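# Summary of the model geometry
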Amino acid sequence: MTAPFQGVKVLDFCWVAIGPMTTRYFSDFGATVIRIESTHRIDTLRTATPVKDGISGPNRSAYFANYNGGKKSMALNMSHPKAREIALELAKWADVVTENFTPGVIERWGLGYDDLYQINPEVIMFSASMQGRGGPYSNHPGFGPVLTALSGHTYLTGWPDRTPTSPYGAYTDFLLPHLAISAISAALDHRSRTGEGQYIDFSQLEGSLYFVAPALMDYAANKRIQTRQGNLHPIYAPHNAYPCYGDDRWCAIVCCNDVEWQALCRLMDLPQLANDPRFRTSDDRKANEVSLDKIIASWTNTKDAFEIMHACQKAKVPAGVVQTCQDLFNDPQLKHREHYVFLDHPEIGHHAYDANCFHLSDSQPLYQPAPLLGEHTEWVCQDILGLSEEQIKAFTESGVFA
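What you see as residue numbers is a count from 1 along each chain, following the sequence as written. At least 70 in pLDDT is required for a residue's local features to be given in this predicted model, at least 80 for side-chain atom pairs to be given and counted, and no such filter applies to totals for whole chains, interfaces and linings, which use all residues. Processing note: side-chain calculations cover all non-hydrogen atoms of the structure and skip hydrogens and water entirely.

### Observations regarding the overall build of the protein
Each helix corresponds to a stretch of at least 4 residues labelled H or I by DSSP, and each strand to a stretch of at least 2 residues labelled E; elements are numbered beginning at the N terminus. When helices and strands are counted, the protein shows 19 helices and 11 strands. Within the protein, the fraction of its 402 residues that count as buried is 47%. In what follows, residue pairs with any heavy atoms lying within 4.5 Å of each other are defined as contacts. Taking all contacts inside the protein whose residues are at least 6 apart in sequence as the whole, residues at least 24 apart take part in 67%. Residue exposure ignores everything except the shown protein chains as possible cover, and the areas themselves are Shrake-Rupley values with a 1.4 Å probe. Roughly 20500 Å² of accessible area belongs to the protein as shown, and the carbon and sulfur atoms make up 54% of that amount. Under the counting rule used here, the positive set is Lys and Arg, the negative set is Asp and Glu, and His together with the chain ends is not counted. In this description, the location of a charge corresponds to atom NZ of lysine, CZ of arginine, CG of aspartate or CD of glutamate. The centroid of the 33 positive side-chain charges in the protein is displaced by 5 Å from the centroid of its 45 negative side-chain charges. Remark: exposure states derive from per-residue accessible area (1.4 Å probe, protein chains only) relative to the maximum for the residue type, with buried under 20%, exposed over 50%, and partly exposed in between.

Structural data, given as structure tokens:
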């Protein structure tokens, strides 16, 4: 089988989450990805938890490893004046150059798109920043938790009587790589047909707005500002996570119509509730959902969450266990799909990586462990740059390769 990105060469300046998550698609599917990093400013994720045996170090983070599998790591100290010369040589080699710094950083290094175009007119450059190039807030730095607030996600998350709560982790970083890889793939397709490279200016804020589209459309059409509703839904009831037997065990149950509600009533052995004036119609249930949720919770809290889920699904009532991380590793569907791939890392040892969420019928991904910091510096110098041992030694001693 031929990998989709076989032969594609990527020079990757990305760090933290959205950039590395995007470029991992390339390394998984056949591209050579050279990741530029330095001991002088170690990637935030290289020391992020979880770390092997609870001992921090630049090569011990499973968080970092998961987003950087299969890449080559070159240690290049971009604060050194000679580093730009090395980077430009690599840019001549590259088909794609990626970065996700605050606007102005890559340009100060003399590696902006205009600089790269002069030496490699066919290059595709991808720049992801918080709010894109140009405009009054272009130079604002930040990470995913800041972006979830700017994009409105935080305002919509939580309970009406409490302060806004950001979704888990750097939430927008987990969404945006799917858009980013699509944009870069489209540019590669365009280049294959025309020979033309191009510059992709990716605004993470604008990309994040797609994921709050219903709320934005509600305001545009009705001038209504949606706010926090906890687990409730504007129309459907029941629509909540209900307590089950055991410590902090829950099952989400939703009824989208009267047929599903009647099925749930029979399942709870309370068929009379279907004709109760408080719950007969969708509007009735919504108006009385506090009482409704108490009734459902009294049924669920003595039963196993998975038992509830399977019984509901068998009755064609939407339901799902609120799974823990342990549940996810034991999930039979994820096991069948081989979602977790276990690889051997020199320092972390045998540990899990996320596989891709899609299967391609005509090609298989090649999953490999993440690199040690600077592990492939010598290989890049010899095999790609063609430097002699004396040149490599001189650059190393002067602090370029660090």
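### A look at the sheet that holds strand E3 (residues 72-75)
Should DSSP find at least two bridges between two strands, the strands are taken to pair. With parallel pairing, 6 strands are arranged side by side in an open sheet as E3-E2-E1-E4-E5-E6. The sheet is open, and its two edges are formed by E3 and strand E6 (199-203), each paired on a single side. Ignoring strand direction, the axes of neighbouring strands in this sheet form an average angle of 20°. Where strand E1 (residues 9-12) lies against strand E4 (residues 96-99), 3 bridges are found, and the strand directions are parallel. Bridging from a neighbouring strand, aspartate 12 pairs with threonine 98 of E4. Against the sheet, helix H18 (residues 377-384) contacts strand E2 (32-37) and E3, and its axis sits at roughly 95° relative to E3. The axes are straight lines fitted to the C-alpha atoms, using for helices just the contacting stretch, and the angles between their N-to-C directions are given from 0 to 180°.

### Observations concerning the packing of aromatic side chains
Stacked, edge-to-face and tilted are the three classes for Phe, Tyr and Trp ring pairs, Trp counted by its six-membered ring, which pair at centre distances within 6.5 Å; planes under 30 degrees apart are stacked, over 60 edge-to-face, the rest tilted. Going through the model one piece at a time under the given rule, you end up with 14 aromatic pairs. One aromatic cluster in this structure is built from Phe13, Trp15, Phe101 and Trp109. One cation-aromatic arrangement involves arginine 228 over tyrosine 155; the distance from NZ or CZ to the ring centre is 5.3 Å. Here, over-ring charges are defined by two tests on the NZ atom of lysine or the CZ atom of arginine: distance to the ring centre within 6 Å, and angle to the ring normal within 35 degrees.

### Observations concerning a nonpolar patch on the surface
Each patch is built from residues lacking any salt bridge and having more than 30% relative accessible area; the joining distance is 9 Å for like charges and 5 Å for nonpolar side chains (Val, Leu, Ile, Met, Phe, Trp, Tyr). When a carboxyl oxygen of Asp or Glu lies within 4 Å of a side-chain nitrogen of Lys or Arg, that pair is called a salt bridge. A grouping of Tyr155, Tyr219 and Ile225 is seen on the molecular surface, where their side chains present a nonpolar patch of about 340 Å² in accessible area. Along the chain, tyrosine 155 turns up in helix H7 (residues 153-156).

### Things to note about H18
All of the buried residues in H18 are Thr377, Val380 and Cys381. One side of H18 carries all its buried residues, which in axial view fall inside an arc of 95°. Where H18 is buried, its residues contact E2, E3, helix H3 (83-93) and helix H19 (389-397). Looking one or two places after H18, you find glycine 386, whose phi comes out positive at around 70°. The arc in question is the one spanned by the directions pointing from the helix axis to the C-beta atoms.

### What to know about the packing of helix H1 (residues 18-28) against helix H9 (residues 177-194)
Viewed as axis vectors pointing N to C, H1 and H9 meet at an angle of 50°, and their least axial separation amounts to 9 Å. Of the possible angle classes, the one that applies to H1 and H9 is oblique. The element H1 and its partner H9 pack so that their crossing is right-handed. Across the interface between the two elements, Ile18, Met21, Thr22, Tyr25 and Phe26 of H1 pack against Pro177, His178, Ala180, Ile181, Ile184 and Leu188 of H9. By the convention adopted, Pro, Cys, Tyr, Trp, Phe, Met, Ile, Leu, Val and Ala count as nonpolar, Lys, Arg, Asp and Glu as charged, and the other residues, Gly among them, as polar. The residue makeup of the contact of H1 with H9, split by class, is 9 nonpolar, 2 polar and no charged. Angle categories are assigned with fixed cut-offs, so that under 35 degrees is roughly parallel, over 145 is roughly antiparallel, 65 to 115 is roughly perpendicular, and the rest are oblique. The sense of a crossing depends on the near helix, which, turned anticlockwise from the far helix by less than a right angle, makes the crossing left-handed and, turned clockwise, makes it right-handed.

### Description of the state of the cysteines
The term disulfide is used for any two cysteine sulfur atoms that are within 2.5 Å. Inspection of the entire model under this criterion finds 0 disulfides. Unpaired in this structure, cysteine 244 has its nearest cysteine sulfur neighbour in cysteine 251, at a distance of 5.3 Å. Cysteine 244 gets classed as buried once you look at its relative accessible area, which sits at 6%. Cysteine 255 carries a free sulfur, and the closest cysteine sulfur to it, the one in cysteine 256, is 7.6 Å from it.

### Examining the pattern of salt bridges
A side chain with one charge can pair with a side chain of the opposite charge if their charged atoms come near. The final tally for this structure, using the stated rule, is 21 salt bridges. One salt bridge connects glutamate 37 with arginine 35, and the closest N-O pair in it is separated by 3.0 Å. Given a relative accessible area of 7%, glutamate 37 falls into the buried group. A salt bridge links aspartate 258 to arginine 285; the shortest N-O distance between them is 2.9 Å. One end of the pair, aspartate 258, is in helix H12 (residues 258-267); the other, arginine 285, is in helix H13 (residues 282-287), with 27 residues separating them in the sequence. Three or more residues are tied together by salt bridges with common partners; here these are Arg35, Glu37, Asp43 and Arg46.

### Concerning H1
Counting buried residues in H1 gives 11 out of 11 residues, a clear majority hidden from the surface. Phi turns positive, to about 105°, at glycine 30, one or two residues after H1.

### Things to note about the sheet that holds strand E9 (residues 319-321)
The strand order across the open sheet formed by 3 strands is E7-E8-E9, and the pairing between neighbours is antiparallel. Both outer strands of the open sheet, strand E7 (239-243) and E9, are each paired with one neighbouring strand and no more. Within this sheet the neighbouring strands show an average axis-to-axis angle of 20°, counted without direction. In this sheet, E9 lies alongside strand E8 (residues 250-254) in antiparallel orientation, the contact comprising 3 bridges. Residue pairing across strands places alanine 252 opposite glycine 320, the latter belonging to E9.

### Examining the environment of cysteine 251
Mapped onto the elements, cysteine 251 comes out in strand E8. The spacing of cysteine 251 and aspartate 276 is 25 residues in sequence and 24 Å in space, taken between C-alpha atoms. For cysteine 251, the contacting residues outside a window of four places in its chain are Asn240, Ala241, Tyr242, Cys244, Ala305, Ile308, Met309, Ala319, Gly320, Val321 and Val322.

### Comments concerning the environment of methionine 125
In this structure, methionine 125 sits in strand E5 (residues 124-129). For methionine 125, a relative accessible area of 1% corresponds to the buried category. On a C-alpha basis, the gap between methionine 125 and glutamate 99 in space is 8.2 Å, while along the polypeptide they are 26 residues apart. If sequence neighbours within four positions are ignored, methionine 125 has contacts with Val97, Glu99, Ile106, Leu111, Gly112, Tyr113, Leu116, Gln198, Tyr199 and Ile200.

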